[in-house]
Amino acid sequence: MGKQRQLTKRESVRMEELKKKEEQLREQGFTRVDLTVGIVAANILAVLIMLPFILIDILAFVMVNEKGEFSFFHENPLYTFLILIVFLICIVLHELIHGAVWGACAPGHFKDIEFGIIWSALTPYSTCKSELKRYQYIIGAVMPTVILGFLTGVIAALTGSGGILFISVFMILGGGGDFLIIGKLLAYRGKGKEYVILDHPSELGLIVFERPLS
């Protein structure tokens, strides 16, 4: 096994909070199922999962702008610089959108949302500390890709901007980990059971606590 990543102070606190929550749920008859994936594996699978969406994004752009010329980087260096700045801002916005949707759904609202960076993988993240319903988790997980990836792709096609297409493609690619976790959650089967879904406090994915319906 590889060396386990050292948790930050906030991650350690969230892990302790999870242990207390797990003890309470086990006393109520719940059992724990982890639906997580390693960061390295997620980065590899993200390309495979999102490749069809990326191809559709680029194809739509080319079809709409088939009579024109375009390039990812404009001849004006300032334009290229601004596109790169917007791209970096979108990376932050990706996590803020996660937090905004989950915060609107969580019992404690935005008090239950925390942000951080896994420095060993240069991966920013947002996490919800309280339980969510399945549809709430899925909506919060998918929205950054919908807004920053798919919607931006539409804007790129309509404006003929290769720079915006660049942002769209990489924002779609950046949603691969989210789509992977959504797939694991949708594929999870536990018919006739009651669920409590919690975002994992330190890993990519979530935890399902389940018990038979009384």
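Small disclaimer: the values here were computed from a predicted structure and weren't measured.

Q: What's the story with the pairing of strand S4 (residues 193-199) in this structure? I'm lost.
A: Every regular strand shows the same layout, with side chains that alternate between the two sheet faces. Across seven bridges, the pairing between S4 and strand S5 (residues 204-212) is antiparallel. Its bridge partner lying in S5, Glu194 is registered against Arg211. Taking the residues between adjacent antiparallel strands as the criterion, S4 and S5 are bridged by four residues.

Q: Looking at this structure, how should I read a nonpolar patch on the surface?
A: A surface patch of nonpolar side chains, about 910 Å² in accessible area, is lined by Leu78, Phe81, Leu82, Ile85, Leu88, Ile89, Val92, Leu93, Leu96 and Phe115. The dominant element in the nonpolar patch, judged by the number of residues it contributes, is helix H3 (residues 77-105), at nine residues. Take Leu82: it is sitting in helix H3.

Q: Would you take a moment to explain the packing of aromatic side chains for this structure?
A: Working definition: an aromatic ring pair is given by the centre-to-centre distance plus the angle between the planes. A complete count under the given rule lists eight aromatic pairs for this structure. Pairing Phe166 with Phe170 gives two aromatic rings, centres 4.9 Å apart and planes at 50 degrees, and the pair type is tilted. Remark: Phe170 and Phe166 occur in helix H5 (residues 162-174); sequence separation between them is four residues, near one turn of the helix. In this structure Phe166 comes out as buried when scored by relative accessible area, which is 13%. Members of the aromatic cluster, joined through ring pairs, are Phe53, Phe150 and Phe179.

Q: Any chance you could explain the sheet that holds S5 here in plain terms?
A: Strand pairing in a sheet relies on backbone hydrogen bonds, with the paired strands running either antiparallel or parallel. Spatial strand order, S1-S5-S4: three strands in an open sheet with antiparallel pairing. Among the strands making up the open sheet, the edge pair consists of strand S1 (31-37) and S4. Across the sheet, the axes of successive neighbouring strands diverge by a mean angle of 20 degrees, strand direction being ignored.

Q: For this particular structure, what's the right way to read the confidence of the model for the protein?
A: Predicted coordinates in regions of low pLDDT should not be interpreted in detail. Across the protein, the average pLDDT comes to 86, with 91% of residues at or above 70. Highest mean pLDDT in the protein belongs to helix H4 (residues 134-159) (95); lowest belongs to strand S2 (residues 113-118) (84).

Q: Just to check I follow, could you spell out the nonpolar core for this structure?
A: Side chains that are nonpolar tend, in soluble globular proteins, to be buried together. Ranked by internal contacts, the top residues of the largest apolar core, which has 28 residues, are Trp102, Tyr137, Leu185, Leu206 and Val208. Those elements that place two or more of their residues in this core are S1, helix H2 (39-64), H4, H5, helix H6 (176-187) and S5. Ignoring any residue separated from it by four or fewer positions in sequence, one finds Trp102 in contact with Ile113, Ser126, Cys128, Leu132, Gln136, Tyr137, Gly140, Ala141 and Asp199. Phe87, Ile97, Ile167 and Met171 belong to the second-largest nonpolar core, a separate cluster that totals nine residues.

Q: I would appreciate a short explanation of H6 in the present structure.
A: Each α-helix winds once per 3.6 residues, and so residues spaced three or four apart point in a common direction. The terminal C-alpha atoms of H6 lie 16 Å apart, and with twelve residues this matches the ideal 16 Å at 1.5 Å per residue to within 8%. Where H6 is concerned, the buried positions are Gly176, Gly177, Asp178, Phe179, Leu180, Ile181, Ile182 and Leu185.

Q: Explanation requested: the environment of Lys21 in the structure shown.
A: Looking at the secondary structure, you find Lys21 in helix H1 (residues 9-27). The class for Lys21 is partly exposed, based on a relative accessible area of 24%. Each C-alpha atom, one on Lys21 and one on Pro107, is 15 Å from the other, the two residues being 86 residues apart in sequence.

Q: Sorry, what's going on with the environment of Glu17 here?
A: As for its placement among the helices and strands, Glu17 is situated in helix H1. Look at Glu17 and you get partly exposed, because its relative accessible area is 37%. Remark: the alpha-carbon pair of Glu17 and Pro201, spanning 184 residues in sequence, is separated by 9.1 Å.

Q: Could you clarify how one ought to interpret the pattern of salt bridges in this entry?
A: Pairing between side chains of opposite charge can happen when the charged atoms of each approach one another. Here the structure, examined in full by the defined rule, presents nine salt bridges. The partner of Glu114 in a salt bridge is Arg14, with the nearest N and O atoms 2.5 Å apart. Placement of the pair is Glu114 in strand S2 and Arg14 in helix H1, with a sequence separation of 100 residues. Here Arg26 ties to Glu22 by a salt bridge, and the two come within 2.7 Å at their closest N and O atoms.

Q: What exactly am I supposed to notice about unusual backbone geometry here?
A: The phi angle of most residues is negative, glycine excepted, and most peptide bonds adopt the trans form. Even without a glycine there, the phi angle at His109 is positive, about 50 degrees. Relative to the helices and strands, His109 resides in the loop between H3 and S2. Residue class for His109 comes out partly exposed when judged on its relative accessible area of 42%.

Thresholds applied
Residues numbered from 1 in each chain as written. Predicted model: local features only at pLDDT ≥ 70, side-chain atom pairs only at ≥ 80, totals over all residues. Heavy atoms only, no water. Pairing = 2+ DSSP bridges. Helix = DSSP H or I, 4+ residues; strand = E, 2+ residues; numbered from the N terminus. Patch = residues over 30% accessible without salt bridge, like charges linked within 9 Å, V, L, I, M, F, W, Y side chains within 5 Å. Areas by Shrake-Rupley, 256 points an atom, 1.4 Å probe, with all protein chains shown as cover. Salt bridge = Lys/Arg side-chain N within 4 Å of Asp/Glu carboxyl O. Phe/Tyr/Trp six-rings, centres within 6.5 Å; stacked < 30°, edge-to-face > 60°. Buried < 20%, exposed > 50% of the residue type's maximum accessible area, 1.4 Å probe, protein only. Axes fitted to C-alpha atoms, helices over the stretch in contact; angles between N-to-C directions. pLDDT = per-residue confidence, 0-100. Core = buried A, V, L, I, M, F, W, Y, C linked by side-chain atoms within 4.5 Å. Contact = heavy atoms within 4.5 Å. Expected span 1.5 Å × (residues − 1).

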